[in-house]
Amino acid sequence: MRVDPTFTSITDADDPRIAVFRDIRERDLTGRQGRFIVEGTVVLRMLAAAHKAGRDFEAESVLILENRLAGVADILSEFPSDVPIYVAAAPVLDAIVGFNLHRGILALGKRKSDKDMGQTLQQLPPSSLVLVGCGISNHDNLGSMFRNAAAFYADAVFMDATCCDPLYRKSLRVSVGSVLSVPYHRGGDAVELLETLAAEGFDIWSLSPAGTQEIRQITASNRMALVIGTEGDGLPPDVLTRFHTARIAQSPQLDSLNAGTASGLALYQMASAIGRI
């Protein structure tokens, strides 16, 4: 923890020390050695907590609007002294990022390790609730799914290789930093991923408008996995035919809910069924 936080003033938008923050709307750092951009007070606090606790994420630098310093001094004090904190006036900050950044807070984070599925499974408690995404390509939906996972006490999120990266800036923001607190693994084929979970004792419940059992009627078990597919196509047939299917009762005038909403409703019901809420 910083005893007396020190800051470095940035007066030139072309300063090479803040190059990673330049034109962030046009590019994203995910996929580059695990680096990602954090935006806003809430997510900055989550990054500080993850860094301090020695979890999978750490901060490399922070860029902040000078008039926001007082309001986030407690958060900044949680970062180690070797994490540089850059400060800029509004015109300079806007020139750096390429638009008016009204939040005035950015940080560069890094995922220190990318655990494989086996390592992630080993960390789960004997009684577990997990969320699985298959083909989730919308960053807002994926961020919402992580937020729901945190809200309803899910122990982990698993994603197949066709899902988008949860460390994308928009996913992180929509998740209100939950991507940094909920353990996750992304990669591999959807069916193989689910069969691995089944081998570990998970009852697999794939959510579909045509599911055989209404979500409020499913049987609670010691290990449960909720599977969510992409909007439009939904889950592939080889997933729906291999595992239990569930549905959320809704008006027939609408074909389905989006992945973020559906995961929240179903996770709430599952968490309630096993006594977590």
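Whatever comes next refers back to the structure up there.
In this text, all values refer to a predicted model and were calculated from it rather than measured experimentally.

Undergrad: Outline the pairing of strand β6 (residues 128–134), supporting the account with residue identities and numerical values.
TA: Across the seven residues that make up β6, a large majority, seven, are buried. Across seven bridges, β6 lies against strand β11 (residues 223–229) in parallel orientation. In the strand pairing of β11, Cys134 is matched with Gly229. Where the polypeptide runs from β6 across helix α5 (residues 139–151) and back to strand β7 (residues 156–159), its parallel neighbour, the crossover connection is right-handed.

Undergrad: Account for the pairing of strand β3 (residues 57–65), with residues named and values stated.
TA: Here β3 lies mainly inside the structure; seven of its nine residues are buried. Relative to strand β5 (residues 105–111), β3 runs antiparallel, the two sharing seven bridges. In the strand pairing of β5, Val62 is matched with Ala107.

Undergrad: Any details on the packing of α5 against helix α9 (residues 259–273)? Residues and values, ideally.
TA: The N-to-C vectors of α5 and α9 enclose an angle of 15 degrees; their axes lie 8 Å apart at closest approach. What the angle tells us is that α5 and α9 run roughly parallel. As for the relative orientation of α5 and α9, their crossing is right-handed in sense. In this structure, α5 contributes Asn141, Ser144, Met145, Asn148 and Ala149 to the contact, and α9 contributes Ala259, Gly260, Ser263, Gly264 and Leu267.

Undergrad: Please give an account of the pattern of salt bridges that cites residues and values.
TA: Opposite charge on two side chains allows them to pair when their charged atoms are near. As enumerated under the stated definition, the model contains 13 salt bridges in all. For the salt bridge of Arg169 with Glu39, the shortest nitrogen-to-oxygen distance reads 2.7 Å. Taken together, the residues span a long stretch of sequence, with Arg169 in helix α6 (residues 169–174) and Glu39 in strand β2 (residues 35–39) at a distance of 130 residues. The burial state of Arg169 is the same as that of Glu39; both residues are buried. For the salt bridge of Asp140 with Lys170, the shortest nitrogen-to-oxygen distance reads 3.2 Å. Taken together, the positions of Asp140 in helix α5 and Lys170 in helix α6 put the pair 30 residues apart, joining distant regions of the chain. For Lys170, a relative accessible area of 33% puts it in the partly exposed group.

Undergrad: Explain the sheet that holds β5 to me, using residue names and the numbers behind them.
TA: Strand order in the open sheet formed by five strands is β1-β4-β3-β5-β2, and the pairing between neighbours is mixed. Where the open sheet ends on each side, the last strands, each with one partner, are β1 (8–9) and β2. Contacts from helix α1 (residues 41–53) reach β2, β3 and β5, with the element oriented near 145 degrees to β3. On the sheet, helix α3 (residues 90–97) packs against β3, β4 (85–88) and β5 and is oriented at approximately 130 degrees with respect to β3.

Undergrad: Lay out the environment of Pro91 in plain terms, naming residues and giving numbers.
TA: Along the chain, the position of Pro91 falls in helix α3. Residues Pro91 and Tyr268 lie 177 residues apart in sequence; the distance between their C-alpha atoms is 44 Å.

Undergrad: Which residues make up helix α7 (residues 190–199), and what values do they have?
TA: Within α7 the residues assigned to the buried category are Ala190, Val191, Leu193, Leu194 and Leu197. In an axial view of α7, the angular spread of the buried residues amounts to 160 degrees, which keeps them on one side of the axis. Opposite the packed face of α7, turned more than 90 degrees from it, sit the exposed residues Glu192 and Ala199. The inward-facing, buried residues of α7 contact α4 (117–122), β6, β7, β9 (203–207), β11 and α8 (237–240). If you check the start of α7, you find a side-chain oxygen 3.0 Å away from the backbone N of Val191, and it comes from Asp189. Two residues or fewer past α7, Gly201 is found with a positive phi of approximately 95 degrees.

Undergrad: Can you break down the environment of Arg45 residue by residue, with the values?
TA: Position of Arg45 relative to the elements: it lies in helix α1. By relative accessible area, Arg45 is classed as partly exposed at 42%. Of note is the side chain of Arg45, whose polar atom sits 3.4 Å from the side chain of Asp74.

Undergrad: I'd like to hear about the sheet that holds strand β10 (residues 213–214), residue by residue, with values.
TA: Read from one edge of the open sheet, seven strands run β8-β7-β6-β11-β9-β12-β10, paired in parallel fashion. Since the sheet does not close on itself, it has two edges, and those belong to β8 (184–186) and β10, each with one partner.

What counts, and at which threshold
- Counting restarts for each chain: residues are numbered from 1 in the order of the written sequence.
- Given that this is a predicted model, residues contribute local features only at a pLDDT of at least 70 and side-chain atom pairs are listed and counted only at 80 or more, while totals for whole chains, interfaces and linings are drawn from all residues.
- Hydrogen atoms and water are omitted, and side-chain values are computed over all heavy atoms in the structure.
- A 1.4 Å probe rolled over the protein chains alone gives each residue an accessible area, and that area as a share of the maximum for its type sets the label: buried under 20%, exposed over 50%, partly exposed in between.
- Working definition: helices are DSSP H or I runs of at least four residues, strands are E runs of at least two. Numbering for both runs from the N terminus.
- Two strands qualify as a pair provided DSSP detects at least 2 bridges between them.
- We call a crossover right-handed when, viewed with both strands directed away from the observer, the connection leading from the first strand over the helix to the second proceeds clockwise.
- Where helices are involved, their axes are fitted lines through C-alpha atoms of the stretch in contact, as for all axes, and angles between N-to-C directions lie from 0 to 180°.
- Note that the term roughly parallel is reserved for angles under 35 degrees, roughly antiparallel for angles over 145, roughly perpendicular for angles of 65 to 115, and oblique for everything else.
- Helix crossings get a hand from a simple test, with the near helix turned counterclockwise from the far one by less than a right angle marking a left-handed crossing and a clockwise turn marking a right-handed one.
- We call two residues contacting when some pair of their heavy atoms lies within 4.5 Å.
- In what follows, salt bridge is the name for a side-chain nitrogen of Lys or Arg lying within 4 Å of a carboxyl oxygen of Asp or Glu.
- Each C-beta atom gives one direction from the helix axis, and the arc is the one those directions make.
- Residues adjacent in sequence count toward polar contacts only when both atoms are side-chain atoms; beyond that, a polar contact is any pair of N or O atoms within 3.5 Å, and within protein one must be able to donate a hydrogen and the other to accept it.

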